[in-house]
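Coordinate analysis (summary)
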Amino acid sequence: LLISFTSKVKVHWLLPGYLGVILGIVVVFGPSIVSGSPWFKRGAWFSAALIGLCHLLFLIPGFQIFQVNSWSGWDKLTDQVVHIQEQYGGQEKVFIFAESHKTAAYLTFYSEDHQRTYAKNIFGEFAKQFTAWGIPENLNGKNGLFVSRRAELPEWETSRIGQYFDNVSRVGVFSYPLISVGNKPSRDLYVYLATNYQPKGS
């Protein structure tokens, strides 16, 4: 409740609370309201139908409301990013990092060997679980492939990357596969090559 005044709060964060509320309703109101009330049965069926409808939305290509269907197409996109990685020497010479922890997680999940990827923790910034996992020392001196939604990196981001790498240049652009409206890609992702990673303090 307090966090919601300063930041967005996602509905699934409260899942443990929902489970407790369900048990609490049964304890407080007893079986009479559960089995005897027609409104309870109507509400239960309505809830089940609504949940089913929401899950069906994930199957509609191009349906983009509040990131619904944002997960589709990442298998093919990851193959394309890994292909570029191989062109520049493979995992031994190039690691993959992204502008957000979500993108980094998708890339890890869909890569064939679930190779480890990174997020803003490459820059010493907070990146959810990626911060907790840390950065291995063997990344020093390697090149990095930066996956971004921006066609052109803003000056502040180029400057931030420049504090950790020698230079950065765009080497690829890929359209989101399977997500299309009128046969036109609805999103593009851009891949940048950043050379010679040097963490601060190393």
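Residues numbered from 1 in each chain as written. Predicted model: local features only at pLDDT ≥ 70, side-chain atom pairs only at ≥ 80, totals over all residues. Heavy atoms only, no water.

In this section: the overall build of the chain. The helix and strand inventory of the chain stands at six helices and six strands. The buried share of the chain, reckoned over its 202 residues, is 31%. The contacts in the chain between residues at least 6 apart in sequence include a share of 61% that link residues at least 24 apart. Put simply, the chain shows about 13,100 Å² of open surface, and 63% of that area lies on carbon and sulfur atoms. (Helix = DSSP H or I, 4+ residues; strand = E, 2+ residues; numbered from the N terminus. Buried < 20%, exposed > 50% of the residue type's maximum accessible area, 1.4 Å probe, protein only. Contact = heavy atoms within 4.5 Å. Areas by Shrake-Rupley, 256 points an atom, 1.4 Å probe, with all protein chains shown as cover.)

The biggest cluster of nonpolar side chains holds 18 residues, and the ones touching the most others in it are V81, I96, L107, L145, V147, F174 and V191. Elements that contribute at least two residues to this core include exactly α3 (74-87), β1 (94-98), α4 (101-110), β2 (143-148) and β6 (188-194). Considering every element that reaches this core, the biggest residue donor is α3, with four residues. Setting aside residues up to four positions removed in sequence, L145 forms contacts with V81, I84, Q85, V94, F95, I96, F97, V171, V191, Y192 and L193. F95, F123, I161 and Y190 belong to the second largest nonpolar core, which has 15 residues in total. (Core = buried A, V, L, I, M, F, W, Y, C linked by side-chain atoms within 4.5 Å.)

Another aspect to go through is the sheet that holds β2. The four strands are arranged β1-β2-β6-β3 in an open sheet whose pairing can be described as mixed. Of all the strands in the sheet, just β1 and β3 (168-175) have a single pairing partner and so form its edges. Averaged over all pairs of adjacent strands, the angle between strand axes in this sheet comes to 25 degrees, irrespective of strand direction. Inspection of the sheet shows β2 paired to β6 by five bridges, in the antiparallel sense. Bridge pairing in β6 links V147 to V191. (Pairing = 2+ DSSP bridges. Axes fitted to C-alpha atoms, helices over the stretch in contact; angles between N-to-C directions.)

Examined against the element boundaries, G124 turns out to sit in the loop between α4 and α5 (129-133). With 75 residues separating them along the chain, G124 and P199 place their C-alpha atoms 8.3 Å apart.

Glancing now at the packing of aromatic side chains. The full count for this structure, using the stated rule, is 15 aromatic pairs. Aromatic side chains F95 and F165 sit 6.3 Å apart centroid to centroid with 35 degrees between the ring planes, which places their arrangement in the tilted category. With F95 in strand β1 and F165 in the loop between α6 (155-162) and β3, the pair connects residues that are 70 residues apart, well separated along the chain. On the accessibility criterion, F95 (4% relative accessible area) is buried. Three or more aromatic residues link up through ring pairs in this structure, and these residues are F95, F97, Y118, F123, F146, Y164, F165, Y192 and Y197. (Phe/Tyr/Trp six-rings, centres within 6.5 Å; stacked < 30°, edge-to-face > 60°.)

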